[in-house]
Amino acid sequence: MRKKEKTEHSMVANMLYFMKLLFSVSPLLVIGECIWGIILTLPNKLISVLGIKMMLDIVESGERLYRLYYVVAAVAAFLIVSKLIAWLFREFIWNVEREKVYQRLNRKLYEKTISLDLESYDNPEFYNNFILTIESSSDSIQNMLGLVRMYIGNVISLITIGSILFVIDPVCLVIILVFVLSFLPLSKKIGRLQMDRRIDNTRFHRRSDYFQRVFYLQDYAKEVRMNNISPILMERYNDAANDVVENQRIYWVKISLLYFIQEFGIQILGFMFVLPLYLGYCVLVKKTLSAGDFVATFNGAYSVATSVNFLTVWALARFEEHGKMIEKYREFLKCGNNIHDGGTVAEKGEPKEIKIENLSFTYPNNDHQTLTDINLTIKPYEKIALVGYNGAGKTTLTNLLLRLYDATEGSISIGGEDIRDVTIGSHRDRFAAVFQDFQLFSCSVGENVALDLDPDEERVMKALGSSGFSKELPKGIDTEMLREFSDEGIMTSGGEAQKVAIARAFYKDCPYVILDEPSANLDPVAEYNLNQAMLEAAHDKTVIFISHRLSTTINADRIYVMENGRIIESGSHSELMKQNGTYSYMFNLQAEKYKQG
């Protein structure tokens, strides 16, 4: 069972980790984002403070008008240059570097995914985090970069504008900070409510999104049209949609009220009453400030307030949210495996004796044993069939043989060597496996069969012929399968797709073949032809196949009947029929159905 390591990191630690990771991939992107943030934020605020002040001071002093033109021209040039730099960075650097970051960080995730034990998928918490990490990685990168950009811009703006206000009149800066910081707890409360609203919205939207899938996915089309399920679906969808609306209403009332109190306190009481009174007193009575200082301070107050609110409330809430995602990302990359390499490399040559001794297995987070005390010996070149009812443990046994899981108790050895003593890659390379839930990939037919970048055309065509595949291939083995990347890709029926998967077993040069329900989607004729081809093509291999169609087991050298995780019968077809046990009952029952049909 996977041991969950507690690796909780602080928000700051997660941010620094992620920025370091991004910097290692693209220093230019990280540095550029910081500069971009300053360029996007600071110029407008400087103009609203210093630019306006300079213009008013010129007008108030009665200086020549042409100096005003110079100031306007300088401001315009400043804005144009800053916008141009931001545009050049975005168009010629940012887009390219961002894609590089996506590619390299996603590649890290995919490489880690390939190395994961299969039992990782059996842990619901880990699997949910795994899916969330994979699906949100690109969005997390972009959101994080944007947040850092805005944060750096606001930090520099706060320092710059705050320094200007301090020079003009320190008391003004104190008044601004007192009002902003006084209502900071309220801002944090608003931030928490917005976060809670986002979480609840996600939960409610997930329910309504389910019905969206039901109505537009082809998988549900027949059921929806052939049965009276539509009224139920519409009613449940309406309930889910109403929950979303009601949730928005509840939070809207709370957040709007707090926003009103905050805006009244800071904007009206602070910036529209107390600050103007003080500034007016300084301008009109004490005459320590000019009209330009008045406007600069007033505009600067708003700038400082927005920057402080952003840095202490909005940004921290977002950083905390992204920090949790980064924590999941770190956990995912750090998680270990329970299946480890052995010290030697397995030989691939001729098949050897496979011996399974006292084998028991329990799936993670499951108290009930799936396999109990399995003992069997498979001699080289034998054709072995595993049969039994659903849930008997047949597929689990082959998964253990492939080391997709490791046994809880007992051992599996090949040629007298425990399979845990050899490297995972060299062990699995000895096997060709066709799974019941096989998958075809959106690549060429040749690559689908060879599962390799450089398929051998002659071997691919021979393997397809042995599996009974007969669909026309306009471009030979270079014909694309599926239509993810090519409109000319071929689509196959379930039976033809299964033949492509079976061809993989014929193509691979290895001593052992495992076939899980190899004829499940085939008609009786295709099934018979496949059995003959399999016996002919695999004459020099050890074959283990699972089948519910017992007509495929007749020619097996030995049949093992499994029930409730145990082997209850074994022998050839004729021997088991004479025993008149479970196998005989199952075979006669199927034969009777065929006769009745």
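Residues numbered from 1 in each chain as written. Predicted model: local features only at pLDDT ≥ 70, side-chain atom pairs only at ≥ 80, totals over all residues. Heavy atoms only, no water.

## Some words on a negative patch on the surface
Together, Asp452, Asp454, Asp456, Glu457, Glu458 and Asp478 give the surface a local cluster of negative charge. Judged by its relative accessible area of 34%, Asp456 falls in the partly exposed class. (Patch = residues over 30% accessible without salt bridge, like charges linked within 9 Å, V, L, I, M, F, W, Y side chains within 5 Å. Areas by Shrake-Rupley, 256 points an atom, 1.4 Å probe, with all protein chains shown as cover. Salt bridge = Lys/Arg side-chain N within 4 Å of Asp/Glu carboxyl O. Lys, Arg positive; Asp, Glu negative; His and termini not counted. Charge placed at Lys NZ, Arg CZ, Asp CG, Glu CD. Buried < 20%, exposed > 50% of the residue type's maximum accessible area, 1.4 Å probe, protein only.)

## Details of unusual backbone geometry
Despite not being glycine, Asp373 shows a phi value in the positive range, around 50°. Inspection of the secondary structure puts Asp373 in strand S2 (residues 371–378). According to the relative accessible area criterion, Asp373 is partly exposed, its value standing at 42%. In this structure, Asn564 takes a positive phi of about 50° despite not being glycine. Tracing the backbone through its elements, the reader meets Asn564 in the loop between strand S9 (558–563) and strand S10 (566–571). (Helix = DSSP H or I, 4+ residues; strand = E, 2+ residues; numbered from the N terminus.)

## Thoughts on the packing of helix H5 (residues 170–182) against helix H8 (residues 230–286)
Where H5 contacts H8, the axes come no closer than 10 Å and their chain directions differ by 160°. Relative to H8, the element H5 is oriented roughly antiparallel. As for the relative orientation of H5 and H8, their crossing is right-handed in sense. Between H5 and H8, the contacting residues are Val171, Cys172, Ile175, Ile176, Phe179 and Val180 on the first element and Gly265, Ile266, Leu269, Gly270, Phe271, Val274, Leu275, Tyr278 and Leu279 on the second. Across the contact of H5 with H8, the residue classes break down as 13 nonpolar, two polar and no charged. (Axes fitted to C-alpha atoms, helices over the stretch in contact; angles between N-to-C directions. Parallel < 35°, antiparallel > 145°, perpendicular 65-115°, else oblique. Left-handed = near helix turned anticlockwise from the far one by under 90°. Contact = heavy atoms within 4.5 Å. Nonpolar A, V, L, I, M, F, W, Y, C, P; charged D, E, K, R; others polar.)

## Things to note about the sheet that holds S2
The sheet built from four strands is open, its strands ordered S2-S1-S4-S5 with antiparallel pairing. A single partner strand is all that each edge strand has here, and the edge strands are S2 and strand S5 (417–418). Pairing between strand S1 (residues 354–361) and strand S4 (residues 409–414): five bridges, direction antiparallel. Residue pairing in the sheet places Lys355 in a bridge with Ser413 of S4. Running at roughly 120° to S1, helix H10 (residues 394–401) makes contact with S1, S2 and S4 of the sheet. (Pairing = 2+ DSSP bridges.)

## Topic: the pattern of salt bridges
Counted by the stated rule, this structure contains 14 salt bridges. The partner of Lys100 in a salt bridge is Glu97, and the shortest N-O contact between them spans 3.3 Å. You can see Lys100 and its partner Glu97 sitting in helix H3 (residues 65–115), three residues apart, about one turn around the helix. With relative accessibility at 32%, the residue Lys100 sits in the partly exposed group.

## Considering a positive patch on the surface
Taken together, the side chains of Lys188, Lys189, Arg192 and Lys254 define a basic patch exposed on the protein surface. Position of Lys189 among the secondary structure elements: in helix H6 (residues 184–216). Classification of Lys189 as partly exposed rests on a relative accessible area of 39%.

## Considering H8
By the largest-angle criterion, Gly270 marks the main kink of H8, which is about 40°. Where H8 ends, the next residue or the one after it, Lys287, has phi of about 55°, a positive value. (Bend = angle between axes of the 7 residues up to and from the residue.)

## Some words on the nonpolar core
Counting residues in each nonpolar core, the largest one holds 41 residues, and the members touching the most others are Val449, Leu464, Leu515, Ile559 and Tyr583. Considering every element that reaches this core, the biggest residue donor is helix H14 (residues 494–507), with eight residues. Sequence-distant contacts of Ile559, defined by excluding residues within four places in its chain, comprise Ala385, Val387, Thr553, Glu569, Ser570, Gly571, Ser572, His573, Leu576 and Tyr583. (Core = buried A, V, L, I, M, F, W, Y, C linked by side-chain atoms within 4.5 Å.)

## Concerning the sheet that holds strand S8 (residues 542–546)
Spatial ordering of the open sheet is given by S6-S7-S8-S3-S9-S10, a layout of six strands whose pairing is mixed. In this open sheet, the two edge strands, each paired with only one partner strand, are strand S6 (431–434) and S10. Between one strand and the next, the sheet's axes are offset by a mean angle of 15°, whatever the strand orientation. Relative to S6, H14 is tilted by about 170°, and along the sheet it contacts S6 and strand S7 (512–516).

## Description of the packing of aromatic side chains
Here the structure, examined in full by the defined rule, presents 10 aromatic pairs. Residues Trp36 and Phe89 carry aromatic rings whose centres are separated by 5.5 Å and whose planes lie at 65° to one another, so their mutual orientation is edge-to-face. With Trp36 in helix H2 (residues 27–61) and Phe89 in helix H3, this residue pair connects regions lying 53 residues apart in the sequence. Taken as a pair, Trp36 and Phe89 share a single burial class, namely buried. Members of the aromatic cluster, each reached through a chain of ring pairs, are Trp36, Phe89 and Trp94. Stacked on the ring of Tyr251, the Lys or Arg Lys254 has its end atom at 5.8 Å from the ring centre. We note Arg459 situated over the ring of Tyr507; from NZ or CZ to the ring centre the distance is 4.0 Å. (Phe/Tyr/Trp six-rings, centres within 6.5 Å; stacked < 30°, edge-to-face > 60°. Lys NZ or Arg CZ within 6 Å of the ring centre and 35° of its normal.)

No statement about biological role is implied by the geometric values presented.
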